[in-house]
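# Descriptive analysis of the structure
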Amino acid sequence: MAGSRQFDEQEVIALALDVFWRKGLHDATMQDIAAATGVQRGSLYNAYGDKEAIFLRAFDQYAAQFLDAAARVLAQGDAAARLQGFLDMLIVNMTSGTPARGCLTTHTALDLAISSAQVRQRVQGVLSQLERLVCKALGSAPGKLTQADAVRLARVVVTFTRGLAVMERAGYSRKQLRDSAAAFVDVLFAGARQE
């Protein structure tokens, strides 16, 4: 049938996501995506328009899966356990693969191609949604944590996660990152544990 796609779109987007994760939006080429997916460049252009359009679809798929996983982890246990589980999930995610793949959101935020308003909005959107999830999880902390305090603390937590992503890129091991995360959680909840 003329005009119909002759490939599995979900598979193409998943394979393209891997290319973007390894190379970044700026350095990935349409040829890289074509080689990884087995779909001709012309067919990719016809189906999606350009590289950024493919990236946006792949990033949206990644973001939905990532935020869903984060929400599940942030709903288990008390506030300290939720936060520790969340940070551990992030560390496992960014240190997986050979070589380790790092954090796609942070890679993209630091990528030279972030000049696109759509890409920047997607990155900010994921980080904002992550802040809301963390804020909700922290709302269950013991003590007198106000909503305003939970919002501010959630931003600090998300900022810390970006630091973990940079440390991973600098060569810190999974164990070192977990040690840092555990120390961070201990400091955040030290007062609550002493009460």
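Just above sits the structure.
Residues numbered from 1 in each chain as written. Predicted model: local features only at pLDDT ≥ 70, side-chain atom pairs only at ≥ 80, totals over all residues. Heavy atoms only, no water.

## Quick look at the pattern of salt bridges
Considering all chains together, one arrives at 10 salt bridges under this definition. For aspartate 60, the salt bridge identified is with arginine 122, shortest N-O distance 2.7 Å. Taken as a pair, aspartate 60 in helix α4 (residues 51-73) and arginine 122 in helix α7 (residues 117-138) lie far apart in primary sequence, 62 residues in all. A residue is classified by how much of its surface remains accessible, and aspartate 60, at 34% relative accessible area, is partly exposed. The class of arginine 122 is partly exposed, set by a relative accessible area of 26%. Across the pair arginine 72 and aspartate 68 runs a salt bridge, and its minimum N-O distance is 2.3 Å. Here the residue arginine 72 and the residue aspartate 68 both occupy positions in helix α4, the gap between them amounting to four residues, near one helical turn. Relative accessible area serves as the criterion here: at 43%, aspartate 68 is assigned to the partly exposed category. (Salt bridge = Lys/Arg side-chain N within 4 Å of Asp/Glu carboxyl O. Helix = DSSP H or I, 4+ residues; strand = E, 2+ residues; numbered from the N terminus. Buried < 20%, exposed > 50% of the residue type's maximum accessible area, 1.4 Å probe, protein only.)

## Focus on the nonpolar core
Judged by nonpolar contacts, the single largest core of 62 residues is most densely connected at Phe20, Leu44, Ile54, Phe86 and Leu87. Looking at this core, the elements with two or more residues in it are α1 (9-27), α2 (30-37), α3 (41-48), α4, α5 (79-95), α7, α8 (147-169) and α9 (174-194). Look past the residues within four positions of phenylalanine 86 in its chain and what remains in contact with it is Ala70, Val73, Leu74, Leu130, Val134, Val157 and Thr161. (Core = buried A, V, L, I, M, F, W, Y, C linked by side-chain atoms within 4.5 Å. Contact = heavy atoms within 4.5 Å.)

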